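Chain by chain, the residues:
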Amino acid sequence: MSRTITARSGRNAAGGDANRWAVLVVLCVSLLLVALDATILHVAVPSLTENLRPGATELLWIVDAYPLVCASLLILFGTLGDRIGRRRVLLLGYGIFGLASAVAALATEPWVLIGARALLGVGGAMIMPATLSIIRTVFPDRRERATAIGIWTAVAAIGAAAGPVLGGFLVEHYWWGSVFLINIPLMALILPLARRLLPESRGSAEGPWDVLGALMAAAGVLGCVLGVKRAGAGEPLLSVLTAGPLLAGALLLVLFVRRQRRRAHPLIDMRLFSRPAFTTSVGCIVLAMLALVGLELIAIQYLQLVLGLSPLETGLRLLPLTFAAMAAGATGSYTLRRIGPRRMVGWGFLLTAAAVLLLTFMGQHDRPLLLTVGFVLLGFGLQTTLFSAYESMLSEAPPRSAGGAAAIGETSYQLGAGMGIALLGSVMNAAYAPGLADVPGVPAAASAAAANSLGEAYQVAERLGGTAGEALHTAARHAFVDGLHLTLFVSAGLLLAGAAMALRLPRVMECPVDVEAAVEEAAAEAAAEAEAKAEAEAEAVWGAAPAVAPAPARDVVSGPTLVPGQPVSSPADTAPAAAPQDPPRPLPGGGQAGKMSGAATRAR
């Protein structure tokens, strides 16, 4: 059922308008599962801890194994899909994702769950760049592609925001393993649909695949993300376990870039980064995630620990953000055509910064209207920025490099998210810890323990009890809110820097002809037209084409009957002189009408 595509038109690639949008539905459902798995486990951690009893290090790896492995393998599988076929990689990713989900749901030991989460990361790394690169191939027209990417980014936002809601519901009504078990029936449904509907596509297959380069990229990204995550968890930046992976990862990435520049057939064409729109779009993705992902985690802590909301209530409070993101994705293509990438990304950053500044009015007490308005503006602004940045980045990449470009975008997303957690987490800790230094009646050791996190401060306050415990509880709440305000101001500054960066993007949404796709489509149409004309000429000469094989030549061409043993005379010896013919008319297929007409006259 599948067909190989290099750079054809979307209609030919996917079999028409209906199939193109059916392909998009399948890809979006795939992305929804991956996005859900990135956040759905967060609310299941307390229940999981109670059942599996993991140590502190094991719990850290249970949470981090998925994003670490996924981020490190995006470039490897994105470029592999360009080489062997994106549909093939995507289908294999489905199978791995479903198998890993079953193992995770039934795990009875922490190490089994860690391995299953790592395997989920492998499946996610195969799925994410493949979905975006197939969109690039199936939708060569930029206007349609903008609509498709708008829907794609909205689905990603829906998955990330719906994860805590769905996870909270499942944990409250079933058990922690159900957050993984829901993947299995969805994968069982989507796998046969994908095999039937998705077209195969690949990029250039020239030269050998750079296995060593792919491994260097994977190890480099893994080292950087691991170091950043450790810094975000409060580890000293200059410690061996933090600085070591960071430096090793950065060195490997530098060597990877140098290797790709020297190779005749690189995994990733580094010339893409010489295009201002591509480089700026990647930078905007990193900066948007840098400013907002760490902020999102802090906001969830605020809703649960300061306002006292349950996990399910916290997820419901975030739903306005999801609906706003959906609206931004649905209207993104129209807005991009109207105002262009520069203003759309810039205004998206400014709107998000305004939302972040509005949220600085959050305090010790619940203000639902303020939070709702802030989350709506935040979701709409963030989705507007990410949509336009992804669309501009992908449109700058040729179809043959779609997998590599999609992998760069997804890796930038993951790196930005990791750096955001590290940076904003450090800002939060720097503002939060001093507020607990001199609490009346609280021992120094208790204050030091409470300075680690707000949740730990509540536990210490409960153990202390009495007036000292109450004082520590109150001081921790106030210190957390003060730290949240400072973090919001830092996020707003990063977002304003992003708005300034967006000035390097094009003013208007240019829709040039996709040259590779146009050439192949024109060649196919010319061949079909030539074949049709040749059939018409033949029908005009010989009459209506019979349904069976043509009769022998002696029934059509006048001449002597063939008799064994007698010499055969040439038709030219008996045929009358041919009338003067018009000059040959060239046919699209390479033949000449004059030659066919002359042959017909001689036959007569």
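Residues numbered from 1 in each chain as written. Predicted model: local features only at pLDDT ≥ 70, side-chain atom pairs only at ≥ 80, totals over all residues. Heavy atoms only, no water.

**Some thoughts on the overall build of the chain**
Right, on to step 1. Assigned secondary structure in the chain consists of 22 helices and two strands.
Right, on to step 2. In the chain, the share of contacts with a sequence separation of at least 24, taken over all contacts with a separation of at least 6, comes to 80%.
Right, on to step 3. Split by element, the accessible area of the chain, about 27,300 Å² in all, is 65% carbon and sulfur. (Helix = DSSP H or I, 4+ residues; strand = E, 2+ residues; numbered from the N terminus. Contact = heavy atoms within 4.5 Å. Areas by Shrake-Rupley, 256 points an atom, 1.4 Å probe, with all protein chains shown as cover.)

**Topic: the side chain of Glu 391**
Right, on to step 1. Here Glu 391 lies in helix 15 (residues 368-396).
Right, on to step 2. Those residues in contact with Glu 391 that sit more than four places away from it in its chain are Arg 142, Ala 146, Ile 149, Leu 336 and Met 509.

**Brief notes about the packing of aromatic side chains**
Right, on to step 1. Within the structure shown, the criterion is met by four aromatic pairs.
Right, on to step 2. Consider the rings of Trp 21 and Phe 139, whose centres lie 4.8 Å apart with planes at 55°: the pair is tilted. Residue Trp 21 is found in helix 2 (residues 17-39), and its partner Phe 139 is found in the loop between helix 6 (110-138) and helix 7 (142-173); the two are separated by 118 residues along the sequence.
Right, on to step 3. By relative accessible area, Phe 139 is classed as buried at 0%.
Right, on to step 4. Between Trp 176 and Phe 180 the ring centres are 6.5 Å apart and the planes differ by 85°, which places this aromatic pair in the edge-to-face class. Phe 180 matches Trp 176 in its accessibility class, with the two residues each being buried. (Phe/Tyr/Trp six-rings, centres within 6.5 Å; stacked < 30°, edge-to-face > 60°. Buried < 20%, exposed > 50% of the residue type's maximum accessible area, 1.4 Å probe, protein only.)

**Considering the nonpolar core**
Right, on to step 1. By size, the foremost hydrophobic cluster in this structure holds 148 residues, and its most contacted members are Tyr 94, Leu 113, Phe 180 and Tyr 302.
Right, on to step 2. Take this core: its biggest share by element is 17 residues, from helix 12 (residues 276-306).
Right, on to step 3. Leu 113 has contacts with Leu 48, Leu 52, Ile 62, Ala 104, Ala 107, Trp 176 and Phe 180, leaving out every residue within four places of it along the chain. (Core = buried A, V, L, I, M, F, W, Y, C linked by side-chain atoms within 4.5 Å.)

**Remarks on the packing of helix 18 (residues 454-464) against helix 19 (residues 466-501)**
Right, on to step 1. The interhelical angle for the contact between helix 18 and helix 19, taken along N-to-C directions, is 165°, at an axis separation of 7 Å. One way to sum up the angle between helix 18 and helix 19 is to call them roughly antiparallel. Crossing angle aside, the handedness with which helix 18 passes helix 19 is left-handed. Between helix 18 and helix 19, the contacting residues are Leu 454, Ala 457, Tyr 458, Val 460, Ala 461 and Leu 464 on the first element and Gly 466, Gly 469, Leu 472, His 473, Ala 476, Arg 477 and Phe 480 on the second. (Axes fitted to C-alpha atoms, helices over the stretch in contact; angles between N-to-C directions. Parallel < 35°, antiparallel > 145°, perpendicular 65-115°, else oblique. Left-handed = near helix turned anticlockwise from the far one by under 90°.)

**Describing a nonpolar patch on the surface**
Right, on to step 1. A contiguous nonpolar surface patch, about 470 Å² in accessible area, is contributed by Phe 169, Tyr 174, Trp 175, Leu 181 and Ile 184.
Right, on to step 2. As for its placement among the helices and strands, Phe 169 is situated in helix 7.
Right, on to step 3. The exposure class assigned to Phe 169 is partly exposed, which follows from its relative accessible area of 36%. (Patch = residues over 30% accessible without salt bridge, like charges linked within 9 Å, V, L, I, M, F, W, Y side chains within 5 Å. Salt bridge = Lys/Arg side-chain N within 4 Å of Asp/Glu carboxyl O.)

**Remarks on helix 3 (residues 45-52)**
Right, on to step 1. Within helix 3 the residues assigned to the buried category are Val 45, Ser 47, Leu 48 and Leu 52. Considered in projection along helix 3, the buried side chains sweep an arc of 160° and stay on one side of the axis. Residues of helix 3 that are exposed and point more than 90 degrees away from the buried face comprise Pro 46 and Glu 50.
Right, on to step 2. Of the residues flanking the end of helix 3, it is Arg 53, one or two places downstream, whose phi is positive at about 55°. (Arc of directions from axis to C-beta.)

**Description of the pattern of salt bridges**
Right, on to step 1. Scanning all chains against the criterion turns up four salt bridges.
Right, on to step 2. Asp 210 serves as the salt-bridge partner of Arg 259, at 2.9 Å between the closest nitrogen and oxygen. With Arg 259 in helix 11 (residues 240-262) and Asp 210 in the loop between strand 2 (200-201) and helix 10 (211-232), the pair connects residues that are 49 residues apart, well separated along the chain.
Right, on to step 3. When the shortest N-O distance is used, the salt bridge between Asp 210 and Arg 263 registers 3.5 Å. Within this pair, whereas Asp 210 is found in the loop between strand 2 and helix 10, its partner Arg 263 is found in the loop between helix 11 and helix 12, the two being separated by 53 residues in sequence.
Right, on to step 4. For Arg 263, a relative accessible area of 25% translates into the label partly exposed.
Right, on to step 5. Each of Asp 210, Arg 259 and Arg 263 takes part in salt bridges that share partners, so that together they form one network.

**Here's the deal with the packing of helix 14 (residues 319-358) against helix 15**
Right, on to step 1. Put simply, helix 14 and helix 15 touch, their axes get as near as 4 Å, and they point 145° apart. For the pair helix 14 and helix 15, the sense of crossing is left-handed.
Right, on to step 2. Its residues assigned to classes, the contact of helix 14 with helix 15 shows 25 nonpolar, 15 polar and one charged. (Nonpolar A, V, L, I, M, F, W, Y, C, P; charged D, E, K, R; others polar.)

**Re the environment of Gly 124**
Right, on to step 1. Relative to the helices and strands, Gly 124 resides in helix 6.
Right, on to step 2. According to the relative accessible area criterion, Gly 124 is buried, its value standing at 0%.
Right, on to step 3. Among residues more than four places away in sequence, those in contact with Gly 124 are Val 34, Tyr 66, Cys 70, Phe 97 and Pro 129.

**Things to note about the environment of Ala 154**
Right, on to step 1. When you line up the elements, Ala 154 lands in helix 7.
Right, on to step 2. Ala 154 gets classed as buried once you look at its relative accessible area, which sits at 7%.
Right, on to step 3. Spatially, the C-alpha atom of Ala 154 lies 7.6 Å from that of Ala 330, the residues being 176 residues apart in sequence.
Right, on to step 4. For Ala 154, the contacting residues outside a window of four places in its chain are Ala 325, Met 326, Gly 329 and Gln 383.

**Observations concerning the confidence of the model for the chain**
Right, on to step 1. Taken as a whole, the chain shows an average pLDDT of 76; of its residues, 79% reach a score of 70 or greater.
Right, on to step 2. Mean pLDDT in the chain bottoms out at helix 22 (residues 593-603), which sits at 40, and peaks at helix 5 (residues 86-105), which reaches 90.
Right, on to step 3. Per-residue pLDDT stays below 50 along residues 1-16; that stretch engages in 46 contacts with residues further than four places along the chain or on separate chains.
Right, on to step 4. This model gives residues 544-604 a pLDDT under 50, and the stretch forms 32 contacts once residues within four places in sequence are excluded. (pLDDT = per-residue confidence, 0-100.)

**Things to note about the side chain of Arg 117**
Right, on to step 1. Mapped onto the elements, Arg 117 comes out in helix 6.
Right, on to step 2. For Arg 117, a relative accessible area of 2% translates into the label buried.

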